[in-house]
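Residue strings, one per chain:
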Amino acid sequence: MKNKPKSKRSIYQKWGITAGTLDAWIAAGVDVYNDDQMAQKVSDRQPNKLTDGGTDLHQAKLRKLNADAHRAELQAAQIQKKLISMEEVESAFTSMGARLRAHLLRAENDLSPILEGLTASQIAPKIRSYIERALTEIHSPTSDVWR
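Residues numbered from 1 in each chain as written. Predicted model: local features only at pLDDT ≥ 70, side-chain atom pairs only at ≥ 80, totals over all residues. Heavy atoms only, no water.

A. Local environment of the packing of helix α1 (residues 8–15) against helix α2 (residues 19–27). Contact pair α1 / α2: the axes reach a minimum separation of 9 Å and the direction vectors enclose 105°. By the criterion of interaxial angle, the relationship of α1 to α2 is roughly perpendicular. Where α1 abuts α2, its residues Lys 8, Ile 11 and Tyr 12 lie against Ala 19, Leu 22, Asp 23 and Ile 26. In the contact of α1 with α2, the residues fall into five nonpolar, no polar and two charged. (Axes fitted to C-alpha atoms, helices over the stretch in contact; angles between N-to-C directions. Helix = DSSP H or I, 4+ residues; strand = E, 2+ residues; numbered from the N terminus. Parallel < 35°, antiparallel > 145°, perpendicular 65-115°, else oblique. Contact = heavy atoms within 4.5 Å. Nonpolar A, V, L, I, M, F, W, Y, C, P; charged D, E, K, R; others polar.)

Quick look at the structure:
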């Protein structure tokens with residue numbers, strides 16, 4: 001025992017307990033000025049502070065308030081169209097992939113008649129034009145891919 005606390009308040013603050021708990025321990029015969037006894041008593045306590053008004057209850061309430069505020073902010077952003085759900089993103093990417101796949105698979109049928117009889121220097125712009133049309137269809141904000 002190094003420094004004897006002078007008041008009950010300094011004791012319960014030192015050990016992180018409530019005044020009521022300190023009074024109960026005094027009534028039970030615990031020497032609250034003995035650091036070894038107090039350390040043992042504190043370590044023997046039930047770890048669930050949620051029922052005795054400890055700091056865990058305060059932290060739990062704070063976490064809940066923060067989660068509720070975050071949820072409200074997300075809902076507001078979604079209503080304002082600043083946020084979209086993962087389902088909408090997945091749907092859009094699936095649609096984009098399907099359209100691109102369709103364009104690529106039908107390219108040989110679409111391009112064969114267009115390219116027939118052209119020279120190499122004439123073929124390149126035709127292929128580029130075909131690819132640009134496919135990408136524009138996917139990229140365009142007016143495309144139904146984004147609806």
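B. Local environment of a nonpolar patch on the surface. A cluster of nonpolar side chains, namely Leu 100, Leu 104, Ile 127, Ile 131 and Leu 135, defines an oily patch on the protein surface of about 420 Å² accessible area. Structurally, Leu 104 is set in helix α5 (residues 86–115). Note on Leu 104: relative accessible area 60%, which makes it exposed. (Patch = residues over 30% accessible without salt bridge, like charges linked within 9 Å, V, L, I, M, F, W, Y side chains within 5 Å. Areas by Shrake-Rupley, 256 points an atom, 1.4 Å probe, with all protein chains shown as cover. Salt bridge = Lys/Arg side-chain N within 4 Å of Asp/Glu carboxyl O. Buried < 20%, exposed > 50% of the residue type's maximum accessible area, 1.4 Å probe, protein only.)

C. Just the packing of α5 against helix α6 (residues 120–139), in detail. Remark: α5 packs on α6, axes separated minimally by 10 Å, with the N-to-C direction vectors making an angle of 155°. Between α5 and α6, the angle falls in the class roughly antiparallel. As for how α5 packs across α6, the hand of that crossing is right-handed. Contacts between α5 and α6 pair Met 96, Arg 99, Leu 100, His 103, Arg 106, Ala 107, Asp 110, Leu 111, Ile 114 and Leu 115 from the former with Ile 123, Lys 126, Ile 127, Tyr 130, Ala 134, Leu 135, Glu 137 and Ile 138 from the latter. Looking at the contact of α5 with α6 residue by residue, the classes come out as 12 nonpolar, one polar and five charged. (Left-handed = near helix turned anticlockwise from the far one by under 90°.)

D. Geometry of the environment of Ile 123. For Ile 123, the location among the structural elements is in helix α6. Take Ile 123: its relative accessible area is 25%, and that puts it in the partly exposed class. Taking the C-alpha atoms as reference points, Ile 123 and Leu 111, separated by 12 residues in sequence, lie 9.5 Å from one another. Contact partners of Ile 123, with chain neighbours within four places excluded, come to Leu 115 and Leu 118.

E. Looking closely at the nonpolar core. Listed in full, the seven residues of the largest apolar core are Ile 11, Ile 17, Leu 22, Trp 25, Val 30, Val 32 and Met 38. Contact partners of Val 30, with chain neighbours within four places excluded, come to Trp 25, Gln 37, Met 38 and Lys 41. (Core = buried A, V, L, I, M, F, W, Y, C linked by side-chain atoms within 4.5 Å.)

F. How the structure looks around the pattern of salt bridges. According to the stated counting rule, one finds seven salt bridges in the structure shown. One salt bridge connects Lys 64 with Asp 68, and the closest N-O pair in it is separated by 2.9 Å. Taken together, the residues Lys 64 and Asp 68, both in helix α4 (residues 55–79) and four residues apart, mark about one turn of the helix. The exposure class assigned to Asp 68 is partly exposed, which follows from its relative accessible area of 29%. By sharing partners, the salt bridges in this structure join Lys 64, Asp 68 and Arg 71 into a single network.

G. Local environment of the environment of Thr 21. Note that Thr 21 resides in helix α2. Judged by its relative accessible area of 15%, Thr 21 is buried.

H. Region of interest: unusual backbone geometry. Despite not being glycine, Lys 81 has its phi angle at roughly 65°, a positive value. Tracing the backbone shows Lys 81 in the loop between α4 and α5.

I. Region of interest: the side chain of His 103. As for its placement among the helices and strands, His 103 is situated in helix α5. With a relative accessible area of 8%, His 103 lands in the buried category. In contact with His 103, other than residues within four places in its own chain, are Tyr 130, Ala 134 and Glu 137.

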